[in-house]
Amino acid sequence: MALLEVKNISKQYKNTKALSDVNFSVKEGEFVSIIGPSGAGKSTLLRCINRMVEANYGEIIFDGSHVLNLNKKDLRKLRAKIGMIFQHYNLVYRLSVVENTLHGRLGYKSTIEGIMGRYTEEEKKQAFDILEKLGLSEEVFKRCDELSGGQKQRVGIARALIQNPKMILCDEPIASLDPSSSKVIMDHLKNVSKEMGITCLVNLHQVDVAIKYSDRIIGVNSGKVVFDGSPEELNNEKIYEIYGAEAGNLIID
Ligand SMILES: Nc1ncnc2c1ncn2[C@@H]1O[C@H](COP(=O)(O)OP(=O)(O)OP(=O)(O)O)[C@@H](O)[C@H]1O
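Residues numbered from 1 in each chain as written. Predicted model: local features only at pLDDT ≥ 70, side-chain atom pairs only at ≥ 80, totals over all residues.

Under the annotation held in an unreviewed UniProt entry, the protein carries the name Phosphonate transport system ATP-binding protein and is attributed to Maledivibacter halophilus.

Attention now goes to the confidence of the model for the protein. Summarising the model, the protein shows a mean pLDDT of 94, and 98% of its residues fall at 70 or more. Across the assembled chains, the prediction reports ipTM 0.97 with pTM 0.95. (pLDDT = per-residue confidence, 0-100.)

Attention now moves to the site of the ligand. Inspection of the region around the ligand gives Tyr13, Lys14, Thr16, Ala18, Gly36, Ser38, Gly39, Ala40, Gly41, Lys42, Ser43 and Thr44 as its neighbouring residues. Broken down by element, the residue count for the shell around the ligand peaks at 3 residues, all from helix α1 (residues 42-49). For the shell around the ligand, the class distribution of residues is 3 nonpolar, 7 polar and 2 charged. (Near = placed C-beta within 6 Å. Helix = DSSP H or I, 4+ residues; strand = E, 2+ residues; numbered from the N terminus. Nonpolar A, V, L, I, M, F, W, Y, C, P; charged D, E, K, R; others polar.)

What follows deals with the domain arrangement of the protein. By domain assignment, the protein separates into domain 1 (1-81 + 166-253) and domain 2 (90-164). Each of domain 1 and domain 2 was reduced to a C-alpha centroid, and the two centroids are 25 Å apart. Listed as interface residues are 12 residues of domain 1 and, on the opposing side, 11 residues of domain 2. Those elements that place two or more of their residues in the side of domain 1 that touches domain 2 are α2 (72-80) and α7 (179-194). When residues in the side of domain 1 that touches domain 2 are grouped by element, the largest group, 5 residues, is from α7. Broken down by class, the residue content of the side of domain 1 that touches domain 2 amounts to 7 nonpolar, 3 polar and 2 charged. (Domains from an automatic or database assignment. Contact = placed C-beta atoms within 7 Å.)

Below is the structure:
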């Protein structure tokens, strides 16, 4: 069953048409990558789903809700069910690993509870458990500015997981990481989808990584979906269609 349906989505920034009539759906538990050249609209597309960017036209249905029609209160509830991971982590660096993780609970709290940092014992236990699973037991009380890039991104995953999300949107999660940290992060994300059944929608620059980890790949060029298929179907011809002139060094041997 589709957890997410994106129908006829278009987005126009002032002078730029970033998305044109984008259609696709994602099943529960699926791991889907979105690939495409720089400026293709990948980030805009991901951000339209949780309305960090407002689409101009179309429909998005997530878990039965018509996302684009939600009022402020219901949008907040929806966002609690959708985690997000960013290229530059978006952590509060002067705070500790566990505090940043617990920030994932803020969507479930009143403003005053949030400001006072009131978390239940159960929430704290869950934070410790998640951090242990992500190999961060030793770092729990460290400030986030003391961490490596790979560790910071694992805190980003922890913060998303403590939301108990149905889906995680990942916007270039490994674009700032070296290959070995990238592998650790991608392995954790794959685990999140396969073991925990959480749907992952991941923007990626690296075609080889998308092929290795995804159940399905969506290729975007100039704001349009030009490929939607399995990793096996992504041959060199399709890579040319997605990347155009940039395809040269991406070709698979
Ligand atoms: N806030 C904005 N205002 C105006 N134009 C924007 C804005 N955000 C993005 N754009 C433009 O919309 C297009 C799509 O941008 P977007 O960031 O979604 O692409 P992308 O595929 O994620 O690129 P990259 O891989 O480089 O991150 C680009 O032409 C970009 O310049």
